[in-house]
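So the chains spell out like this:
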Amino acid sequence: MQSSGADLARVLSEQSFVTVKLPTDLQEMLASLDLEAQAFFRTNTATAQDIERSTTAWRTLVPRANGGTSLLGFNAPSNLKALFRYHRGCSNMMTWPSSSFQAKVEACECRLAGYLIECFDTVCAELFPGRAISYERLMSSTSECQKDSFDPNPLDLFYYYNTGNSGAFNCDPHVDRGLMHIVYSSSPGLEVFDPRTGEWQQAGGNDAGDDRRIPGTAVVFCNDAFATITSEGFKPRDQGKAEVRTTEVPACVHRVVQGNGPRLSISMELRLS
Ligand SMILES: [Fe+2]
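In this numbering scheme, every chain counts its residues from 1 along its sequence in written order. Residues qualify for local features only when their pLDDT is at least 70, as the model is predicted, and side-chain atom pairs are given and counted only at 80 or more; totals for whole chains, interfaces and linings, by contrast, use all residues.

Caption draft 1: Spatial organisation of the overall build of the chain. Along its length, the chain carries six helices and twelve strands. Expressed as a percentage of the 273 residues in the chain, the buried residues total 32%. A fraction of 73% describes how many contacts in the chain between residues 6 or more apart in sequence connect residues 24 or more apart. Helix numbers and strand numbers start at the N terminus; a helix is a DSSP run of H or I with at least 4 residues, a strand a run of E with at least 2. Field definition: a residue is buried when 20 or more other C-beta atoms are found within 10 Å of its C-beta, exposed when 12 or fewer are, and partly exposed for counts in between, with C-beta atoms placed from the backbone. Remark: residues whose backbone-derived C-beta atoms lie within 7 Å of one another are considered to be in contact.

Here it is, written out as structure tokens:
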């Protein structure tokens, strides 16, 4: 587990993921949302009819600046999982299951975003000293026509049913498109590929390698956009040429395996659009 900004940057550069000890207030907020969200999904995904009713009741379609559409709120992207997605700035467009659920989602989103942006800025400061690279600066150089009216960073509550064979995949190995990711879960299931050893390992597992979580921790990993930026160099809009290639940070290859019993995962991805 990292203990400083330098360690955070070093570990991410070497293995593309890192286990972080969360601040106490964030631990408590996530634990509270975890319990409420588990109860919500347990009640509202028990049967196919429940899932259909939940989708009708709590799914929101939001037009995107690029012409596409975002699915917010409740959605069932496959027969393996359900999802509740929230973007900051969309609260008034969504139908919420309860005011308590809404309050916990909004509070966690705000605090997680702040924490993740701090991680990102810290890593950039370590990898690119003296360059004043930050998430805010990168966002300000993103083309206005690519920007939505709402915040681009989704907070996702994934609920994996885990009714199939233990060890089968809920999600095949992949990398995600954004800059950086943070995942909190009280149950095992997320596995990350360690490029140093060429082996998969359980994210957030303890040193004994069993299923117990390290209390109060989350996993931070790098995504495709950050890997691209660090391999090509930062190119703020007001500079006509690419900066010199400096440090490459690999995108984290990860997968989700089925376990015993349902699993809730609270996930936030930092994106530019
Ligand atoms: Fe992913």
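Caption draft 2: Broad picture of the sheet that holds strand S6 (residues 169-174). Strand pairing follows a simple DSSP-based rule, namely that at least 2 bridges must link the two strands. Strands sit in the order S6-S11-S8-S9 across an open sheet of four strands; the sheet is antiparallel. Only two strands of the sheet have a single neighbouring strand rather than two, namely S6 and strand S9 (199-202). Going from strand to strand, the sheet's axes swing by 25° on average, the running direction of each strand aside. The pairing of strand S8 (residues 190-194) with S9 spans four bridges and is antiparallel. When the sheet's bridge partners are listed, Asp194 is paired in S9 with Glu199. The axes are straight lines fitted to the C-alpha atoms, using for helices just the contacting stretch, and the angles between their N-to-C directions are given from 0 to 180°.

Caption draft 3: Representation of the packing of helix H1 (residues 5-15) against helix H4 (residues 99-127) within the structure. One can describe the packing of H1 onto H4 by two numbers: an axis separation of 9 Å at closest approach and a directional angle of 85°. What the angle tells us is that H1 and H4 run roughly perpendicular. Along the contact surface, H1 presents Gly5, Ala6, Leu8, Ala9 and Leu12, while H4 presents Cys119, Thr122, Val123, Ala125, Glu126 and Leu127. Of the residues that constitute the contact of H1 with H4, the class distribution is eight nonpolar, two polar and one charged. When describing relative orientation, an angle under 35 degrees is termed roughly parallel and one over 145 degrees roughly antiparallel, while 65 to 115 degrees is termed roughly perpendicular and anything else oblique. Here the term charged refers only to Asp, Glu, Lys and Arg, the term nonpolar to Ala, Val, Leu, Ile, Met, Phe, Trp, Tyr, Cys and Pro, and the term polar to all other amino acids, Gly among them.

Caption draft 4: Region of the structure containing the packing of helix H2 (residues 24-44) against H4. Running from amino to carboxyl end, H2 crosses H4 at an angle of 140°, the nearest separation of the two axes being 10 Å. With respect to H4, the element H2 is oriented oblique. Pair H2 / H4 crosses with left-handed handedness. Along the contact surface, H2 presents Leu26, Met29, Leu30, Ser32, Leu33, Glu36 and Phe40, while H4 presents Ser100, Phe101, Lys104, Val105, Ala107, Cys108, Arg111 and Tyr115. Each crossing gets its handedness from the near helix: less than a right angle anticlockwise from the far helix is left-handed, clockwise is right-handed.

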